[in-house]
There are 2 protein chains.
Amino acid sequence: MDLVIVGSVALDTIETPRGRVERALGGSAVYASLAASMFCRTGIVGVVGEDFTVVHRRVLEERGVDLSGLESVTGGRTFFWEGRYGADPNERETITTELNVFETFRPRLPEGFLSAGHLFLGNIDPDLQLSVLDQFPERPVTACDTMNFWIEGKRERLRDVLERTDILFVNDSEARQLSGESNLQQAARSISQWGPRVLVIKKGEHGAHLFTREGGFIAPAFPLDEVVDPTGAGDTFAGGFMGAIAAAGSLEDEDLRRAMVFGAVAASFTCERFSVERLKGLTIEEIRERYDLLSELARFARD
Amino acid sequence: MDLVIVGSVALDTIETPRGRVERALGGSAVYASLAASMFCRTGIVGVVGEDFTVVHRRVLEERGVDLSGLESVTGGRTFFWEGRYGADPNERETITTELNVFETFRPRLPEGFLSAGHLFLGNIDPDLQLSVLDQFPERPVTACDTMNFWIEGKRERLRDVLERTDILFVNDSEARQLSGESNLQQAARSISQWGPRVLVIKKGEHGAHLFTREGGFIAPAFPLDEVVDPTGAGDTFAGGFMGAIAAAGSLEDEDLRRAMVFGAVAASFTCERFSVERLKGLTIEEIRERYDLLSELARFARD
C-alpha cells in the first residue's frame, strides 16, 4: 500500500445544464482513489450502506483500489448528496444532504494500511482526521483537505491537524478564511507557519497554485471544450496529485510541479462526463498524452 | 515609428480599498503606450483638453512616446472617468463618465505615423477604428480591443473591423457575447473565422489565453502581493504585447508566447500603484527580471 485515502463515499444525484444522473457513484474518497490508483497502490477508508451495490464496488476494484478499509453498515444507507449546477459550473446549489451512515463514521484502518508511506485525509471532521493520524505508528507523508464549515466551526482542531500535515489543499476563499489574509500570497505565508510545508490552492478552471517555503509553481488547468459535470474535480485533483507524489516518493520541487500538472489533468477528465464515468476506463496513456498537450500549451522561452 | 496606438487619453478619479487619486493620468492609449514604449518606438493618436497639463505630457514624453498625433482642443476638457473598486478588484463601479473632447474625437494620423508596421486600435467606436484603418496606404499588422457596449450596439461595424484585424483582445465575457458561444474554446474558433488569426482572451488575475489557428498558449498572471489599483491593467497588457510583437517583427508562435508573458508582466506593474505611477520609472530590466521569475514559476518538465 502506497497511499491511504480517507473520505466520503457517496451516491450523488446531480443536475447540470448537460443532463442529470441519479444516485451515481461519488464522494471525495472515490474520486481521489480513482485518480491516485493510476499512479500507485491505493486503499480507501470509508463507510457505505446496503444501497452501495456490487456494481459500485466493482468500479473501484477494477482500478485495483484496496477496499479492505471500506466498512459496510448492515441496514444503513450510504451518504447521499443532491445538487444542481447553473450555466456557470462554479455556482452550485445543494438540494439535499443526507449523511446517513457517514454521520457516525469512525475511520478504522486495516492492519495492512498502517505501513503506507502516504496519507490523504479528505474533507471530513478534523476530529476524525486526527483519529486517523493517531492510528499510524509512524506518520506518513500527510495531505489534508478541508472546507469553510470546519474552518469556522472547528478551527482549533483543524490547527492541530495542520501541525501534523505536510500538504494542504484548499481553494482561494478557504485560504483567505483560514488565514484571515485577503491576499493569496500572504495567506500562503501564514498557513505555512502552522505546519504544511506545501500549500496547494485549487482554482478550478483557472488551474492551481503551489506554495512552498522555497518558492512556488503556477499550474494551468487543462482547457475543456465542454464541462459536463464538475462534481469531484477538486478531489480528483488531490488524488492525482497524491498518487503522483507517492509514486515519485519525494516532495522535491520537480516532483511537486509534475504532481500539480497530473492533478490538473486528472481533474479535467472528471469534468467531461457525469459522476466517475470518464474516470472508469481512463488509462495512464490518456493522462500522459494530456499532460504533454498541457505542457505544450503552457511552455514559453526564458527571455 | 514601429507602433501606432489609437485610444482614449483620460483623467481618472479612482477609489480602491488602498486609497484614492483625483484626476490622475489614465486612458487606454496612455497605459498601452507606456508599456509598448519599453519595447519599440511608439506614437499615440488621441485627444485632450486644456486641463491636460505639461506634467501629463511629460510622463509620456519621458518614455519617448511620440505625441504628434495627440490633438489638443482649446477650451475643451479631457475625457474624465471616476470609478470605485471593492475588495474584489474585478468588481468596479463607474461613478461618472464625462466624454468631453472625446465625444467628437476624429482620429487623424500624422504623416509620420502612416508607415508604421503595427497598429493597436484601443477600445473606441468601431466607426472610428475603421476610419483609422482607412488612413493607412498599406494595412499594418493590426490589433484591436473592444467592449460589450460596441458588441451590442455596433456589431456589424465591429465585424467590418475584425475582417481587417490580425489580433483581437477581449475578456471572457466579451468573447462569449461576441461569438454567442458559452465555451471559450468554441468562442475562439468562431471569432477566428471572422478575421483575427490571433485571439487573446484576457482573464485578469488568472492570466490570459492565446488562440491561433494552429494552437494556443496559456499565460499565467504574475502573482502580486497587493493589488492597489487595477485600472488600465488590460490596456497595459495589450500595449506590452503589441510592443513586444512590433519589436520581434513577427507573429510566429514563439514570439506570440513571449509577447503574452511580456503583456502579463507589464500589467502586473500597473496594478501595484495608482494610475500610471508604477509605469513611470519602470525599466526594461525590471520587466525582464519579472519575466524570468514568471518563467520559473510556470515551468514544468515534460512527462
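Residues numbered from 1 in each chain as written. Chains lettered and ligands numbered in written order. Predicted model: local features only at pLDDT ≥ 70, side-chain atom pairs only at ≥ 80, totals over all residues. Heavy atoms only, no water.

### Considering the pattern of salt bridges
Close approach of charged atoms allows side chains with opposite charge to pair.
Residue and element names in this part refer to chain A.
Consideration 1: For the structure shown, the criterion picks out 56 salt bridges over all chains.
Consideration 2: Across the pair Arg157 and Asp160 runs a salt bridge whose closest N-O atoms are separated by 3.3 Å. With Arg157 and Asp160 both in helix H5 (residues 155-163), this residue pair falls three residues apart, about one helical turn.
Consideration 3: Across the salt bridge formed by Glu277 and Lys280, the nearest N and O atoms sit 3.0 Å from each other. Taken together, the residues span about one helical turn, with Glu277 and Lys280 both in helix H10 (residues 277-280) at a distance of three residues. (Salt bridge = Lys/Arg side-chain N within 4 Å of Asp/Glu carboxyl O. Helix = DSSP H or I, 4+ residues; strand = E, 2+ residues; numbered from the N terminus.)

### Considerations on the layout of surface pockets
Gaps between atoms show up when a probe of the same size as a water molecule is rolled over them.
Consideration 1: The space that makes up the second largest pocket amounts to roughly 710 Å³.
Consideration 2: Secondary-structure elements contributing two or more residues to the lining of the second largest pocket are helix H11 (284-298) of chain A together with helix H7 (184-192), strand E11 (198-202), strand E12 (208-212), strand E13 (216-219) and helix H9 (253-272) of chain B.
Consideration 3: Split into classes, the residues belonging to the lining of the second largest pocket amount to 14 nonpolar, six polar and eight charged. (1 Å grid on protein atoms, 1.4 Å probe; cavity = no way out; pocket = protein on both sides within 12 Å on 5 of 7 lines; lining within 4 Å. Points joined across faces, edges and corners; volume = space filled by probe spheres on them. Nonpolar A, V, L, I, M, F, W, Y, C, P; charged D, E, K, R; others polar.)

### Some remarks on helix H3 (residues 126-135) of chain A
Owing to its 3.6 residues per turn, the α-helix aligns residues three or four sequence positions apart on the same side.
All names here are of chain A.
Consideration 1: By the burial criterion, the buried members of H3 are Pro126, Leu128, Gln129, Leu130, Val132 and Leu133.
Consideration 2: Among the structural elements, strand E1 (3-6), strand E8 (118-121), strand E9 (141-145), helix H4 (148-153) and H5 are those in contact with the buried residues of H3.
Consideration 3: Where H3 begins, one side-chain oxygen reaches toward the backbone nitrogen of Asp127, 2.8 Å away; that side chain belongs to Asp125. (Buried < 20%, exposed > 50% of the residue type's maximum accessible area, 1.4 Å probe, protein only. Contact = heavy atoms within 4.5 Å. Polar contact = N/O pair within 3.5 Å; in protein donor to acceptor, adjacent residues only side chain to side chain.)

### Thoughts on the interface of chain A and chain B
Consideration 1: Taken together, the contacts link 34 residues of chain A with 34 residues of chain B.
Consideration 2: In this assembly, chain A packs against chain B so that about 3,400 Å² is buried in total across both faces, 45% of it on carbon and sulfur atoms.
Consideration 3: Along the contact surface separating chain A from chain B lie 10 salt bridges.
Consideration 4: For the pair chain A and chain B, the interface holds 18 residue pairs in polar contact (both at pLDDT 80 or more).
Consideration 5: At the level of secondary structure, the elements contributing two or more residues to the side of chain A that touches chain B comprise helix H7 (184-192), strand E13 (216-219), helix H9 (253-272) and H11 of chain A.
Consideration 6: Considering each element in turn, the side of chain A that touches chain B owes the most residues, eight residues, to H11(A). (Buried area = accessible area lost by both parts, 1.4 Å probe.)

### A word on unusual backbone geometry
Consideration 1: A positive phi angle, near 50°, is found at A:Asn100, a position not held by glycine.
Consideration 2: By secondary structure assignment, the location of A:Asn100 is in the loop between strand E7 (92-98) and E8.
Consideration 3: For A:Asn100, a relative accessible area of 26% gives the class partly exposed.
Consideration 4: The backbone of B:Arg23 sits at a positive phi, close to 50°, despite the residue not being glycine.
Consideration 5: Among the structural elements, B:Arg23 can be located in strand E3 (residues 19-26).

### What to know about the sheet that holds strand E2 (residues 10-16) of chain B
Residue and element names in this part refer to chain B.
Consideration 1: With mixed pairing, four strands are arranged side by side in an open sheet as E3-E2-E6-E7. Every interior strand has two partners, whereas the edge strands, E3 and strand E7 (92-98), have only one. Within the sheet, the average angular offset between the axes of one strand and its neighbour, ignoring direction, is 15°.
Consideration 2: As defined by bridge partners, E2 adjoins E3 across six bridges and the pair is classed as antiparallel. Of the residues in E3, the one forming a bridge with Ala10 is Gly26. (Pairing = 2+ DSSP bridges. Axes fitted to C-alpha atoms, helices over the stretch in contact; angles between N-to-C directions.)

### A short note on the environment of B:Arg77
All names here are of chain B.
Consideration 1: Structurally, Arg77 is set in the loop between strand E5 (66-72) and strand E6 (79-85).
Consideration 2: Since its relative accessible area comes to 43%, Arg77 is described here as partly exposed.
Consideration 3: Expressed as a C-alpha distance, the spacing of Arg77 and Arg258, which sit 181 residues apart in the sequence, is 39 Å.

### Things to note about the packing of aromatic side chains
Consideration 1: Tallied over the entire structure, the rule returns 22 aromatic pairs over all chains.
Consideration 2: Ring centres of A:Phe300 and B:Tyr291 lie 5.7 Å apart, and the angle between their planes is 90°; this geometry places the pair in the edge-to-face category. Taken as a pair, A:Phe300 in the segment after H11 and B:Tyr291 in helix H11 (residues 284-298) lie in two separate chains rather than in one.
Consideration 3: Given a relative accessible area of 13%, A:Phe300 falls into the buried group.
Consideration 4: Between B:Phe169 and B:Phe237 the ring centres are 6.4 Å apart and the planes differ by 80°, which places this aromatic pair in the edge-to-face class. Separated by 68 residues along the polypeptide, B:Phe169 in strand E10 (residues 167-171) and B:Phe237 in helix H8 (residues 233-248) bring together distant segments of the chain.
Consideration 5: Feature note: the residues A:Phe39, A:Phe217, A:Phe262, A:Tyr291 and B:Phe300 constitute an aromatic cluster, connected by ring pairs.
Consideration 6: Here A:Arg159 stacks its cationic end above the ring of A:Trp194, 3.9 Å away from the centre of that ring. (Phe/Tyr/Trp six-rings, centres within 6.5 Å; stacked < 30°, edge-to-face > 60°. Lys NZ or Arg CZ within 6 Å of the ring centre and 35° of its normal.)

### Some details on the packing of H9(A) against H11(A)
Residue and element names in this part refer to chain A.
Consideration 1: Running from amino to carboxyl end, H9 crosses H11 at an angle of 110°, the nearest separation of the two axes being 9 Å. Between H9 and H11, the crossing angle belongs to the class labelled roughly perpendicular. The crossing of H9 and H11 is right-handed. The segment H9 lies against H11, with Arg258, Val261, Phe262, Val265, Ser268, Phe269 and Glu272 engaging Glu286, Ile287, Arg290, Tyr291 and Leu294.
Consideration 2: The residue makeup of the contact of H9 with H11, split by class, is seven nonpolar, one polar and four charged. (Parallel < 35°, antiparallel > 145°, perpendicular 65-115°, else oblique. Left-handed = near helix turned anticlockwise from the far one by under 90°.)

### Structural notes on the side chain of A:Thr236
Residue and element names in this part refer to chain A.
Consideration 1: If you trace the backbone, Thr236 turns up in helix H8 (residues 233-248).
Consideration 2: Thr236 sits in the buried class, given a relative accessible area of 0%.
Consideration 3: A polar contact is formed between the side chain of Thr236 and the side chain of Thr270, at a distance of 2.8 Å.

### Looking at the environment of B:His209
All names here are of chain B.
Consideration 1: When you line up the elements, His209 lands in strand E12.
Consideration 2: On the basis of relative accessibility, which here comes to 11%, the residue His209 falls in the buried class.
Consideration 3: Note: C-alpha distance between His209 and Leu184 (25 residues apart in sequence) is 9.6 Å.
Consideration 4: Beyond its immediate chain neighbours, meaning those up to four positions away, His209 contacts Leu199, Val200, Ile201, Lys203, Phe217, Ile218 and Met260.

### Comments concerning helix H1 (residues 28-36) of chain A
Consideration 1: Judged by how many residues are buried, H1(A) sits mostly within the fold: nine of nine residues are covered.
Consideration 2: Among the residues of H1(A), those classed as buried are A:Ser28, A:Ala29, A:Val30, A:Tyr31, A:Ala32, A:Ser33, A:Leu34, A:Ala35 and A:Ala36.

### Here's the deal with the relation of the copies chain A and chain B
Consideration 1: For the match of chain A to chain B, the screw axis carries a shift of 0.0 Å, the RMSD comes to 0.0 Å, and the turn is 180°. Accordingly, the operation relating the two chain copies is best matched by a two-fold axis. Among all residues of chain A, the one whose C-alpha sits closest to the rotation axis is A:His206, at a distance of 3.1 Å.
Consideration 2: Interface overlap between copies: 100% of the residues of chain A at the interface are likewise at the interface in chain B, consistent with a symmetric, same-surface contact. (Least-squares fit on C-alpha atoms with pLDDT ≥ 70 in both.)

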